[in-house]
Amino acid sequence: MRDAGEVNNLELAHNRIFSVVLGFYATNEVRYLDLSYNEIVGQVSGITALKDSLERLELHHNAMIIIPDVLRQLHKLKTLSLAHNRLLNFAEVYSNLPPSVRHLSLEFNMFIVSLTAPGRKPTGHLEPYDLESLSLGPVRIFKLKSYLPAVQSQKYKLTELKIYKSKFSILDSFHALKVLESLEHLQCINCTLDQELQDDIS
């Protein structure tokens, strides 16, 4: 077996892990950490032991209601999956992400507050136009402008957008996609378009 200091991928999925408090890995070289399909609620401070190496973190299929601000310390993190949790506040999640994140999966959570919620603007952290891929939904009425506000001086880099089980309102419609000149792939999976919107894009 190789020395622990040389481990690059650490897969701990499908266990009964409730928290990650201690930096139990005797290495600072881990670039990929899979903690999916566990029972993590939110205590993951031990992950900061990997702040100088971790590039991809899988936390999908857990029981997280919030994400802790310690994730901001993962300054090399590029890919983060928080899908299939119990996250409620999109703005709070966004504010606690490191600015290095480019690929973000948030589908199948329980969001009730959007990115633009009053007083929760993620100043100084990840900005929406830095993302390259984003997955969202289900949302009862999906308004793209709530998640990707129009930017004046800086264009979005987003090339891939996936939306699951959501209803599109005519108040938003696909006209909002005009701000996404970089978009190459758009997937709307099991979504509903209201009749007005269907007429609008047909």
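Residues numbered from 1 in each chain as written. Predicted model: local features only at pLDDT ≥ 70, side-chain atom pairs only at ≥ 80, totals over all residues. Heavy atoms only, no water.

A. How the structure looks around unusual backbone geometry. Along the chain, Gly-137 connects to Pro-138 via a cis peptide bond; the corresponding omega equals 0°. Relative to the elements of secondary structure, Pro-138 occurs in the loop between strand 6 (133-136) and helix 2 (144-147). The phi dihedral of Tyr-37 is positive, around 55°, even though this residue is not glycine. As for its position among the elements, Tyr-37 is in the loop between strand 2 (32-34) and strand 3 (56-58). Look at Tyr-37 and you get partly exposed, because its relative accessible area is 36%. (Helix = DSSP H or I, 4+ residues; strand = E, 2+ residues; numbered from the N terminus. Buried < 20%, exposed > 50% of the residue type's maximum accessible area, 1.4 Å probe, protein only.)

B. Summary view of the pattern of salt bridges. The tally for this structure, following the rule as stated, stands at five salt bridges. For Lys-51, the salt bridge is made with Asp-52, and the minimal N-O distance between the two is 3.7 Å. What makes Lys-51 partly exposed here is its relative accessible area of 32%. Asp-130 serves as the salt-bridge partner of Lys-157, at 3.9 Å between the closest nitrogen and oxygen. Taken together, the residues span a long stretch of sequence, with Lys-157 in the loop between helix 2 and strand 7 (160-164) and Asp-130 in the loop between strand 5 (103-105) and strand 6 at a distance of 27 residues. (Salt bridge = Lys/Arg side-chain N within 4 Å of Asp/Glu carboxyl O.)

C. A look at the confidence of the model for the protein chain. When pLDDT is averaged along the protein chain, the result is 79; 73% of the residues meet or exceed 70. Taking the mean pLDDT of every element in the protein chain, the minimum, 49, falls on helix 3 (residues 195-201) and the maximum, 97, on strand 3. Scored below 50 in pLDDT, residues 116-124 makes 12 contacts in the model with residues more than four places away or belonging to other chains. Considering only residues more than four positions removed or in separate chains, one finds that residues 197-202, a stretch of pLDDT under 50, has 11 contacts. (pLDDT = per-residue confidence, 0-100. Contact = heavy atoms within 4.5 Å.)

D. Examining the pairing of strand 6 more closely. Here strand 6 shows two buried faces, one formed by Ser-133 and Ser-135 and the other by Leu-134 and Leu-136. Where strand 6 meets strand 7, four bridges bridge the pair, whose relative direction is parallel. Considered in strand 7, the bridge of Ser-133 is made with Glu-160. (Pairing = 2+ DSSP bridges.)

E. How the structure looks around the nonpolar core. Counting residues in hydrophobic clusters, the biggest one holds 46 residues, and the most contacted among them are Leu-33 and Leu-57. Broken down by secondary-structure element, the contributors of at least two residues to this core are helix 1 (90-95), strand 6, helix 2 and strand 7. Looking at which element gives the most residues to this core, the answer is helix 1, with three residues. (Core = buried A, V, L, I, M, F, W, Y, C linked by side-chain atoms within 4.5 Å.)

F. Spotlight on the packing of aromatic side chains. For the structure on display, the rule yields one aromatic pair. Aromatic pair Phe-108 and Tyr-164: ring centres 5.4 Å apart, planes at 55°, arrangement tilted. In this pair, Phe-108 is assigned in the loop between strand 5 and strand 6 and Tyr-164 in strand 7, connecting sequence segments 56 residues apart. On the accessibility criterion, Phe-108 (24% relative accessible area) is partly exposed. (Phe/Tyr/Trp six-rings, centres within 6.5 Å; stacked < 30°, edge-to-face > 60°.)

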